[in-house]
Structures are given as structure tokens and as C-alpha cells.
Amino acid sequence: MSDEDFKKQQDNQLGMAHLTLGYIDFQKAGKTRKVAGAIKELSAAADLLEANPQLQGQALYYLGNAYEFQYPANHHQAIRALTKAAELPGPFQGPAKELIAKIHRVAR
């Protein structure tokens, strides 16, 4: 295995770990509305998962949701993350587009 392939594999595994932790933190935020931990983990996941568009799209979708869930909502950052998620192929592409449309209606 080349060094480059090893680095991609390592980043993918670390990215999946951050994605999982971010998702768990986001689920816990339902009670506390504190999403700083989720945002940190999901941002790290999105950066590390560049070689895996499907997982990166998932991380960006949850990141956009976290920005929108916090109080006050950060519409700009949410739209930014969701726009990137909508550009990536995968199951989160459609839901990201739908959430962007909802945010645009609310943010007016």
C-alpha cells in the first residue's frame, strides 16, 4: 500500500469516528440545545472524508442541521454546509436541498 493510500484510509476511518461522535452529540442536543460539540466533530468529519463523497455528504448534512438547530440559528453556515452536501452524490443530496429551501423561507 502506498503512503497516499494509507493516508486516505486513515483519514476515512478517523472521519467516520468523528461523524459518529458528531451524530451522537447532535442527538444529545435535543434536550440541551447545545450543539458546539456536534459542530466541532461534524466539521472535522467533513474535512477528513473528502475522499468519500457519500460520507462527507452525510457529515455536511448533519452539520447544516446542527447550525440550524442552535439558538440563535446560524442560517449562513447552515446553508453553506448544506449546499456542499447537496452537490455530493448520495442519499443526503435530496434532503439537503429540501432543508436549504426551508431555511431560505425562514431566513427572509
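For the structure, see preceding data.
Now for a description of the structure that goes with this document. Predicted model only: the values in this text are computed from it and were never measured.

### Here's the deal with unusual backbone geometry
Phase 1: With an omega dihedral of -5 degrees, the bond running from Y71 to P72 counts as a cis peptide bond.
Phase 2: Looking at the secondary structure, you find P72 in the loop between α3 (53–69) and α4 (75–87).

### Here we look at the packing of aromatic side chains
Phase 1: Tallied over the full model, the rule gives 5 aromatic pairs.
Phase 2: Between Y61 and F92, the ring centres sit 5.3 Å apart and the planes meet at 40 degrees, which makes this aromatic pair tilted. Here Y61 is found in helix α3, whereas its partner F92 is found in the loop between α4 and α5 (93–106), with 31 residues between them in sequence.
Phase 3: Residue F92 is classed as buried on the basis of its relative accessible area of 17%.
Phase 4: Ring geometry for Y62 against F92: centres 5.6 Å apart, planes inclined by 65 degrees, an arrangement best described as edge-to-face. With Y62 in helix α3 and F92 in the loop between α4 and α5, this pair connects stretches of sequence that are 30 residues apart.

### Structural notes on a nonpolar patch on the surface
Phase 1: A contiguous nonpolar patch, built from L21, Y23 and I24 and spanning about 260 Å² of accessible area, is present on the exposed surface.
Phase 2: Checked against the element boundaries, Y23 lands in helix α1 (residues 3–32).
Phase 3: Y23 sits in the partly exposed class, given a relative accessible area of 34%.

### Describing empty space enclosed by the protein
Phase 1: Scanning the model with the defined rule gives 1 cavity of 30 Å³ or more in all.
Phase 2: In this structure, the largest cavity spans a volume of roughly 30 Å³.
Phase 3: Lining the largest cavity, in full, are P53, Q54, G57, Q58, A85, L88, P89, G90, P91, F92 and Q93.
Phase 4: Sort the elements by how many residues they give to the lining of the largest cavity and α3 lands first, with 4 residues.
Phase 5: Residues of the lining of the largest cavity, tallied by class, amount to 6 nonpolar, 5 polar and no charged.

How each quantity is defined
Residues numbered from 1 in each chain as written. Predicted model: local features only at pLDDT ≥ 70, side-chain atom pairs only at ≥ 80, totals over all residues. Heavy atoms only, no water. Helix = DSSP H or I, 4+ residues; strand = E, 2+ residues; numbered from the N terminus. Phe/Tyr/Trp six-rings, centres within 6.5 Å; stacked < 30°, edge-to-face > 60°. Buried < 20%, exposed > 50% of the residue type's maximum accessible area, 1.4 Å probe, protein only. Patch = residues over 30% accessible without salt bridge, like charges linked within 9 Å, V, L, I, M, F, W, Y side chains within 5 Å. Areas by Shrake-Rupley, 256 points an atom, 1.4 Å probe, with all protein chains shown as cover. Salt bridge = Lys/Arg side-chain N within 4 Å of Asp/Glu carboxyl O. 1 Å grid on protein atoms, 1.4 Å probe; cavity = no way out; pocket = protein on both sides within 12 Å on 5 of 7 lines; lining within 4 Å. Points joined across faces, edges and corners; volume = space filled by probe spheres on them. Nonpolar A, V, L, I, M, F, W, Y, C, P; charged D, E, K, R; others polar.

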